[in-house]
Amino acid sequence: MLNIAALFISITALFLWFNYKVLRLPPTIGVMVIGFALSLVLVNLNHFGMTAITDHAEFWLNQINFNALLMDGMLSFLLFAGALHVDLDKLKRYRYSIGLLATFGVLISTVAIGSAAWWLFAQFGVDVPYLYCLTFGALISPTDPIAVLGIMRNAGAPDDMEIKIVGESLFNDGVAVVVFTALLGAASASSSHALTPSGVGLLFLEEAGGGIAFGLALGGLVYSLMKSIDQHQVEVMLSLALVIGGYALASSLHVSGPIAMVVAGLIIGNMARTGAMSDNTRRYVDGFWELIDEILNAVLFVLIGLELLLIPLTLDYLWIAAPLIALILCVRFLTIGLPTTLLRKTFDFRAGTTRVLTWGGLRGGISVALALGLPESPYRETLVVITYIIVLFSILVQGLTIGKLVKAVLPHK
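Residues numbered from 1 in each chain as written. Predicted model: local features only at pLDDT ≥ 70, side-chain atom pairs only at ≥ 80, totals over all residues. Heavy atoms only, no water.

(A) Molecular detail of the overall build of the protein chain. Assigned secondary structure in the protein chain consists of 18 helices and 0 strands. Relative to the 2.2 N^0.38 estimate, which gives 22 Å for 413 residues, the radius of gyration of the protein chain is 21 Å and therefore close to what a compact globule would have. Looking at the protein chain as a whole, 52% of its 413 residues are labelled buried. For the protein chain, contacts bridging at least 24 residues in sequence account for 84% of all contacts bridging at least 6. For the protein chain, the computed accessible surface area is about 18500 Å², with 67% contributed by carbon and sulfur atoms. (Helix = DSSP H or I, 4+ residues; strand = E, 2+ residues; numbered from the N terminus. Rg over C-alpha atoms; globule rule 2.2 N^0.38 Å. Buried < 20%, exposed > 50% of the residue type's maximum accessible area, 1.4 Å probe, protein only. Contact = heavy atoms within 4.5 Å. Areas by Shrake-Rupley, 256 points an atom, 1.4 Å probe, with all protein chains shown as cover.)

(B) Inspection of the packing of helix H1 (residues 2-23) against helix H14 (residues 279-306) at higher detail. Where H1 meets H14, the closest approach of the two axes is 9 Å, and the angle between their N-to-C directions is 95°. With respect to their mutual orientation, H1 and H14 come out roughly perpendicular. Note on element contacts: H14 touches H1 through Ala298, Val299, Val302, Leu303 and Leu306, opposite Phe8, Ile11, Thr12, Phe15 and Leu16. Here the residues of the contact of H1 with H14 sort into 9 nonpolar, 1 polar and no charged. (Axes fitted to C-alpha atoms, helices over the stretch in contact; angles between N-to-C directions. Parallel < 35°, antiparallel > 145°, perpendicular 65-115°, else oblique. Nonpolar A, V, L, I, M, F, W, Y, C, P; charged D, E, K, R; others polar.)

(C) Focus on the nonpolar core. Within the largest apolar cluster, 118 residues are counted, with the highest numbers of intra-cluster contacts made by Leu70, Phe136, Leu242, Ile268 and Ile386. Here this core gets 12 residues from one element, more than from any other, and that element is helix H10 (residues 159-187). Core analysis: the second largest hydrophobic core is formed by 6 residues, Met161, Ile402, Val406 and Val409 among them. (Core = buried A, V, L, I, M, F, W, Y, C linked by side-chain atoms within 4.5 Å.)

(D) Representation of the side chain of Asp286. Among the structural elements, Asp286 can be located in helix H14. When residues no more than four places from it in sequence are discounted, the contact partners of Asp286 are His85 and Arg273.

(E) Region of the structure containing helix H8 (residues 130-140). For H8, a buried count of 9 out of 11 residues is recorded, marking the element as mostly surrounded by other parts of the structure. Taken together, the buried positions of H8 are Tyr132, Cys133, Leu134, Thr135, Phe136, Gly137, Ala138, Leu139 and Ile140.

(F) Examining a nonpolar patch on the surface more closely. Together, Phe124, Leu313, Leu315, Leu318 and Trp319 line one region of the surface with nonpolar side chains, adding up to about 530 Å² of accessible area. As for its placement among the helices and strands, Leu315 is situated in helix H15 (residues 315-342). (Patch = residues over 30% accessible without salt bridge, like charges linked within 9 Å, V, L, I, M, F, W, Y side chains within 5 Å. Salt bridge = Lys/Arg side-chain N within 4 Å of Asp/Glu carboxyl O.)

Below, the structure is given as structure tokens:
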């Protein structure tokens, strides 16, 4: 583990330096572009018989369980760090629109994308059962907070647009994981789980509801501990213990760790920031979590770029992925546009909101991790490769152009 960590942190540091000096792209996108380009070079060297370097790279990548690394490790830190800087008052103001997008938006998207993928696979002669297609719809539906947070903050989006898309992204992964788990259980031939509305509802209540309750309790406990002292080293350590210990305990209690970390992060970032931290402590806590966020984001996106070495990318998959990308954007447009239209008289929606939220709904590491977590089956490779292509398009194309779109629809910003 030490050798693996040393290797990939060193690679990430070099990629960050090269991006800062040469490419000048947003850091996470820049390191992913470099990793992807390096993967392409190694793949081409492989075709010319120079397999030694590629074999070594593939060996080291195979040592990493991407699904476990992100879902059981990095995600807790990234979600807590993201929620730490979200204004709770602004989040409350848009809670209904965010709630609709993070729940019904994910469910509608799952069915629409899954059904269309099933039809599209059949047109290309790829036999993927309907339940597996719905599982694919669930894993590709959530917008990824890891991909969205930094990009939206650097895109020049106004506060109301940023809080809607960031708030949705922080919560919808928990909903998507519950739906994904239920659908995968029903789709797996070896599973005894039956897909019933009551079963899904109970699972959602246990995971999401339990995650919210656990996050409130955990955040409240750490808040009270911070309030009783004024020592920045101890308070930083308490926040770190909250994330590591809290996420592990949430898994043991079978409640949603991601949702718990978001709720706890909101409490520490709002209540504790104003009521339990001195100015000195606030600087240290903010600095510590900003650094953790930047480091883990960079490592994650390097890994996404390098994953190309392990994924059999072919033109056949590209032909299937291209219409799916268009479909996903259309579904996203409809699931955003309908609630926006219905709630326009109740809430003040800025002109251009639907377009910005549609194009800013990036897919990222969570979708890749869920796809790589699929059990071995005749359909796994197809779903993993299609997911990877969609994520690449989302981050590289949408991520690099969202700033221009914001300026186009808000010329006077």
